[in-house]
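# Architecture and fold: a report
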Amino acid sequence: MLDAALYGTEGPAVVLTYAWDRLLIDPVPGPRGPASFTGLRPLTRSVQVVPGDARPVPPAGSTLPRLAAELPQTFALIDPHHGAEGITRQLEELIQQLEPESIDLLDVGGDILARGDEPTLRSPLADALTLAACCQVNAPVRLLVAGPGLDGEIPAKDLRDRTGSTLLTLTPEHVEPVSSVLEWHPSEATAMLAATARGVRGLCEVRDAGLPVPLTDEGPTIHEANLDDALTRNELARAILTTETLDEVEQQSREICGYSEIDYERNKASWLGSQPEHTLDPETTLRQLDEFETEARGRGITHTTFRRITEALGLNGRQREDLRTLLINSRPGQYAAPLWRITR
């Protein structure tokens with residue numbers, strides 16, 4: 001979406017990204033590395049491309065192969081298991097191999113601009129790792145923040161003095177090239193970014209914790225922030241500059257932020273594994289949805305995500321698509337693509 005908005009028909013980008021779909025898609029805690037896939041293709045010594053016919057090794061799950069099959073961009077895998085030094089090495093190899101005209105580091109929501117002690121911060125590890133690596137390569141990197149506050153972590157108002165100038169504002173035309181992907185991809189932040197670009201406004205409830213995220217005119221904006229300022233501010237990123245393992249990064253996160261988000265996933269995965277699987281009975285599910293919506297309206301919520309509904313109704317990730325189909329077919333007027341509208 002951003003690639004098309006910024007560069008148009010110049011040629012699809014190479015997207016270096018994590019395979020970290022969280023427990024709704026991937027029941028294995030933490031990010032996946034190359035050993036978690038079959039069918040990867042080498043791009044450089046340390047970088048593997050995820051083609052459309054690649055497959056995660058069970059029980060792991062990943063949306064990357066399907067993204068690669070449906071989008072024109074080339075998806076390459078960030079391997080965080082060798083710490084910031086490993087990601088820096090990956091970036092340097094890509095720069096040498098591809099000789100790119102531009103390098104953009106994109107964060108949706110803006111928590112990459114956090115200090116690390118914010119009480120609402122929940123997932124600093126991946127952002128800190130990529131920030132630490134990008135600040136060490138011998139090439140200019142532009143830091144872009146899309147949809148300030150849309151990840152439900154740092155409120156948009158707290159980011160206004162950090163995000164820098166507005167580069168562009170996404171429109172429905174920018175969303176159109178990825179509209180089919182938004183029909184199935186579980187990313188809540190991307191869903192809200194697309195929805196605000198389409199004009200949706202209100203208060204959206206997300207994640208298992210039911211975090212309220214305002215959908216405002218700031219939602220579809222893209223900002224250029226200062227990379228060096230971000231590193232200076234981000235205590236975790238500075239502490240992990242020379243790390244060589246993911247374990248080291250986790251330990252620094254525990255010491256600086258008070259937790260590791262991978263520990264949270266480990267605990268949640270253990271809890272989920274002990275829970276009985278609920279049957280997706282249409283009549284029962286719609287009745288439970290009515291109860292959820294009544295309570296959500298009382299909280300001032302106007303929209304929510306299918307991930308939020310899935311977890312609120314006690315269903316698992318494997319049932320998300322069936323739930324989504326049931327809801328849209330039963331109540332099409334509430335589908336504010338790719339979000340779900342809570343009726344008054």
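Presented here is an overview of the structure given in this document. (Residues numbered from 1 in each chain as written. Predicted model: local features only at pLDDT ≥ 70, side-chain atom pairs only at ≥ 80, totals over all residues. Heavy atoms only, no water.)

Time to look at the overall build of the protein chain. Along the protein chain, the regular secondary structure elements total 16 helices and 15 strands. Scaling as 2.2 N^0.38, a compact globule of 344 residues should have a C-alpha radius of gyration of about 20 Å, and the protein chain matches this with 20 Å. Dimensions along the principal axes, computed over C-alpha positions, put the protein chain at roughly 55 × 40 × 40 Å. The buried share of the protein chain, reckoned over its 344 residues, is 51%. For the protein chain, restricting intrachain contacts to residue pairs at least 6 apart in sequence, the fraction spanning at least 24 positions comes to 74%. Summing over all exposed atoms, the protein chain offers an accessible surface of approximately 15600 Å²; the carbon and sulfur share of this is 49%. Each charge class in the protein chain was averaged separately, 32 positive and 52 negative side chains, and the resulting centres sit 5 Å apart. (Helix = DSSP H or I, 4+ residues; strand = E, 2+ residues; numbered from the N terminus. Rg over C-alpha atoms; globule rule 2.2 N^0.38 Å. Buried < 20%, exposed > 50% of the residue type's maximum accessible area, 1.4 Å probe, protein only. Contact = heavy atoms within 4.5 Å. Areas by Shrake-Rupley, 256 points an atom, 1.4 Å probe, with all protein chains shown as cover. Lys, Arg positive; Asp, Glu negative; His and termini not counted. Charge placed at Lys NZ, Arg CZ, Asp CG, Glu CD.)

This part covers the sheet that holds strand β13 (residues 303-304). The strand order across the open sheet built from five strands is β11-β10-β13-β15-β14, with neighbouring strands paired in mixed fashion. Since the sheet does not close on itself, it has two edges, and those belong to β11 (211-215) and β14 (335-336), each with one partner. Alignment of strand β10 (residues 202-206) against β13, held across two bridges, turns out to be parallel. What sits directly across from Glu205, in β13, is Thr304. (Pairing = 2+ DSSP bridges.)

Alternating positions in β11 separate cleanly, Leu211, Val213 and Leu215 being buried on one face and Pro212 and Pro214 remaining unburied on the opposite face. Summarising the sheet, β10 and β11 pair through five bridges and their orientation is antiparallel. Note that in β11 the partner of Glu205 across the bridge is Pro212. The turn joining β10 and β11, which pair antiparallel and follow one another in sequence, is formed by four residues; a positive phi near 65° is taken by Arg207.

If you look at the biggest cluster of nonpolar residues, it comprises 38 residues, and the most contacted ones within it are Met192 and Leu339. Sorting the residues of this core by element identifies α3 (64-70), β6 (74-77), β8 (142-146), α8 (179-182), α9 (188-197), β10 and β11 as the ones contributing at least two each. Considering each element in turn, this core owes the most residues, six residues, to α9. Leave out the neighbours within four places in its chain, and Met192 touches Leu150, Cys204, Val206, Val213, Leu215 and Leu339. (Core = buried A, V, L, I, M, F, W, Y, C linked by side-chain atoms within 4.5 Å.)

Along the chain, Val178 falls in the loop between α7 (172-175) and α8. Sequence separation between Val178 and Ala4 is 174 residues, and the spatial gap between their C-alpha atoms is 9.8 Å. Setting aside chain neighbours within four positions, we find Val178 in contact with Met1 and Leu71.

Our focus in this paragraph is the pattern of salt bridges. Going through the model one piece at a time under the given rule, you end up with 27 salt bridges. For Glu118, the salt bridge identified is with Arg115, shortest N-O distance 3.8 Å. Residue Arg115 is classed as partly exposed on the basis of its relative accessible area, which comes to 37%. Connected via shared salt-bridge partners are Arg115, Asp117, Glu118, Asp161 and Arg162. (Salt bridge = Lys/Arg side-chain N within 4 Å of Asp/Glu carboxyl O.)

This part covers the side chain of Asp79. You can see Asp79 is positioned in the loop between β6 and α4 (83-98). Buried within the structure, Asp79 lacks any salt-bridge partner; Arg89 is the closest side chain of opposite charge, at an N-O distance of 7.7 Å.

A few words now on the sheet that holds strand β7 (residues 104-108). Reading across the sheet, the four strands line up as β7-β8-β12-β9 and stay open at both edges, with mixed pairing between neighbours. For this open sheet the edge positions go to β7 and β9 (165-169), each flanked by a neighbour on one side alone. Here the strands of the sheet are splayed against their neighbours by 30° on average, with no regard to which way each runs. The pairing of β7 with β8 spans five bridges and is parallel. Pairing of Val108 across the sheet is with Ala146, part of β8. (Axes fitted to C-alpha atoms, helices over the stretch in contact; angles between N-to-C directions.)

In this section: the packing of helix α12 (residues 246-257) against helix α13 (residues 261-273). Geometrically, a packed helix pair is captured by the angle between its two axes and the distance between the axes. Where α12 meets α13, the axes come as close as 9 Å, and the angle between the chain directions of the two elements is 95°. Taken together, the axes of α12 and α13 lie roughly perpendicular to each other. From α12, Leu246, Glu250 and Arg254 reach across to α13, where they touch Ile262, Asp263 and Arg266. The class makeup of the residues in the contact of α12 with α13 is two nonpolar, no polar and four charged. (Parallel < 35°, antiparallel > 145°, perpendicular 65-115°, else oblique. Nonpolar A, V, L, I, M, F, W, Y, C, P; charged D, E, K, R; others polar.)

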